[in-house]
Amino acid sequence: MSFKEYIEAQRHNYKEVEKLPHFSLLIEQIDNIYNHTINIFPSDVPVRHSRFLLLFHKSFLSAATLIAQCQPDDAAPITRRAIEIARICLASKHDDDNYEKWLSYEKRYERWQKREKNEKPPYLPPIQLNLPGDHPILDDLMRELGTFSDAFVHFTPEYYSSLNWKDNRESEPPKINLSYFISDQRILERELLILAGSHAKFLQLIDECIDGYLYKQSTWKSLMSSLYNTGSKLGQIFEISTNEEDP
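All figures in this text were calculated on a predicted structure; none of them were measured in a lab.

Asker: Looking at this model, I keep getting lost on the overall build of the chain. Mind explaining?
Answerer: Counting secondary structure elements, the chain contains 11 helices and two strands. Dimensions of the chain along its principal axes, counting C-alpha atoms only, are 65 × 55 × 45 Å. In the chain, the proportion of contacts linking residues at least 24 apart, taken out of those at least 6 apart, comes to 71%. Per element, the accessible surface of the chain, about 15200 Å² overall, is 51% carbon and sulfur. Across the chain, the centroid of the 29 positively charged side chains sits 5 Å from that of the 37 negatively charged ones.

So this is what it looks like as structure tokens:
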């Protein structure tokens, strides 16, 4: 497949996937919520929360576009990074020191200096953040982060075996092909639902970080309620499939 063919395939895939209700309804609703949220976001909150919101929106647009192009495995790392943003966002609200720990300006600057000198950068241990002890939304997101890491982000056996390999050893000469795009509609629908669920949680977290300001706005609350209703209806097919597989 040439580069031009690759781009043409992406465009074709997008035109087909955008017809699915999981995209035309669910993804459009999230986009509307983000745009509404950006327009009503209070200006008297720490600037980092405004920046985190914009990063969530950017992540949503990038990941949704890739899934619509039938490349959900390439979208997953973007959502995983957004989960890291969500963790820092909540941590910075919970304890101001968390944000300073995350910045670690001097230690990170030292590492870049070493790299410029072609020297091994000093080890930077994991940051120990003071996080809420029991937080269902963050707990759900961290479980998703682990799943994304093993299934899509790192070069793991799970990722390697999930790819759409097509071995034709009987051809002359023998060929091994890899389908660069996912053609299974059910997989695409599932990944769009997962994306929507993740960003619904991001929006809830950003609202928590600004003391529930968004939920106090009737339009925002109504948009979120409509999103949950749409997601619940579109997700029913997966609940049915799961139940049918039970012994």
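Asker: Help me out: how do you make sense of the pattern of salt bridges in this one?
Answerer: Pairing between side chains of opposite charge can happen when their charged atoms approach one another. Taken as a whole, this structure holds seven salt bridges when the rule is applied. The closest approach of N and O atoms between Arg143 and Asp140, which form a salt bridge, is 2.3 Å. Remark: Asp140 and Arg143 occur in helix H7 (residues 136-153); sequence separation between them is three residues, near one turn of the helix. Accessibility expressed as a relative area gives 54% for Arg143, which makes it exposed. The shortest N-O distance in the salt bridge between Glu189 and Arg186 comes to 3.4 Å. Taken together, the positions of Glu189 and Arg186, both in helix H9 (residues 185-209) and three residues apart, correspond to about one turn of that helix. For Arg186, a relative accessible area of 38% corresponds to the partly exposed category.

Asker: Would you mind going over the packing of helix H2 (residues 21-40) against helix H10 (residues 218-234) with me for this structure?
Answerer: When two helices pack together, their arrangement is given by the angle between their axes and by how far apart the axes lie. The N-to-C vectors of H2 and H10 enclose an angle of 160°; their axes lie 10 Å apart at closest approach. With respect to H10, the axis of H2 lies roughly antiparallel. At the point where H2 passes H10, the crossing takes the left-handed sense. When H2 is examined against H10, the residues Pro21, His22, Leu25, Leu26, Gln29, Ile30, Ile33, His36, Thr37 and Ile40 are found in contact with a partner set consisting of Thr219, Trp220, Leu223, Met224, Ser226, Leu227, Thr230, Gly231 and Leu234.

Asker: Sorry if this is basic, but what is going on with the environment of Ile206 here?
Answerer: One can find Ile206 in helix H9. Apart from the residues lying within four places of it in its own chain, the contact partners of Ile206 are Phe41, His49, Phe52, Leu53, Phe56, Cys89 and Leu214.

Asker: Sorry if this is basic, but what is going on with the nonpolar core here?
Answerer: Core analysis: the largest hydrophobic core is formed by 59 residues, its most contacted members being Tyr34, Phe52, Phe56, Phe202 and Ile206. Those elements that place two or more of their residues in this core are helix H1 (3-17), H2, helix H3 (47-68), helix H4 (72-94), H7, H9 and H10.

Asker: Which parts of the structure should I look at to understand the side chain of Arg48?
Answerer: One can find Arg48 in helix H3. Owing to a relative accessible area of 15%, Arg48 belongs among the buried residues under this scheme. If we ignore the near neighbours within four places in the chain, the residues touching Arg48 are Ser92, Asp96 and Tyr99.

Asker: Before we go on, may I ask you to explain the confidence of the model for the chain in this structure?
Answerer: Atom-level detail of predicted coordinates should not be read off regions where pLDDT is low. Predicted confidence across the chain gives a mean pLDDT of 88, with 92% of residues reaching 70 or more. Element-level mean pLDDT values for the chain span from 60 in helix H11 (residues 236-245) up to 96 in H3.

The rules behind these values
Residues numbered from 1 in each chain as written. Predicted model: local features only at pLDDT ≥ 70, side-chain atom pairs only at ≥ 80, totals over all residues. Heavy atoms only, no water. Helix = DSSP H or I, 4+ residues; strand = E, 2+ residues; numbered from the N terminus. Contact = heavy atoms within 4.5 Å. Areas by Shrake-Rupley, 256 points an atom, 1.4 Å probe, with all protein chains shown as cover. Lys, Arg positive; Asp, Glu negative; His and termini not counted. Charge placed at Lys NZ, Arg CZ, Asp CG, Glu CD. Salt bridge = Lys/Arg side-chain N within 4 Å of Asp/Glu carboxyl O. Buried < 20%, exposed > 50% of the residue type's maximum accessible area, 1.4 Å probe, protein only. Axes fitted to C-alpha atoms, helices over the stretch in contact; angles between N-to-C directions. Parallel < 35°, antiparallel > 145°, perpendicular 65-115°, else oblique. Left-handed = near helix turned anticlockwise from the far one by under 90°. Core = buried A, V, L, I, M, F, W, Y, C linked by side-chain atoms within 4.5 Å. pLDDT = per-residue confidence, 0-100.

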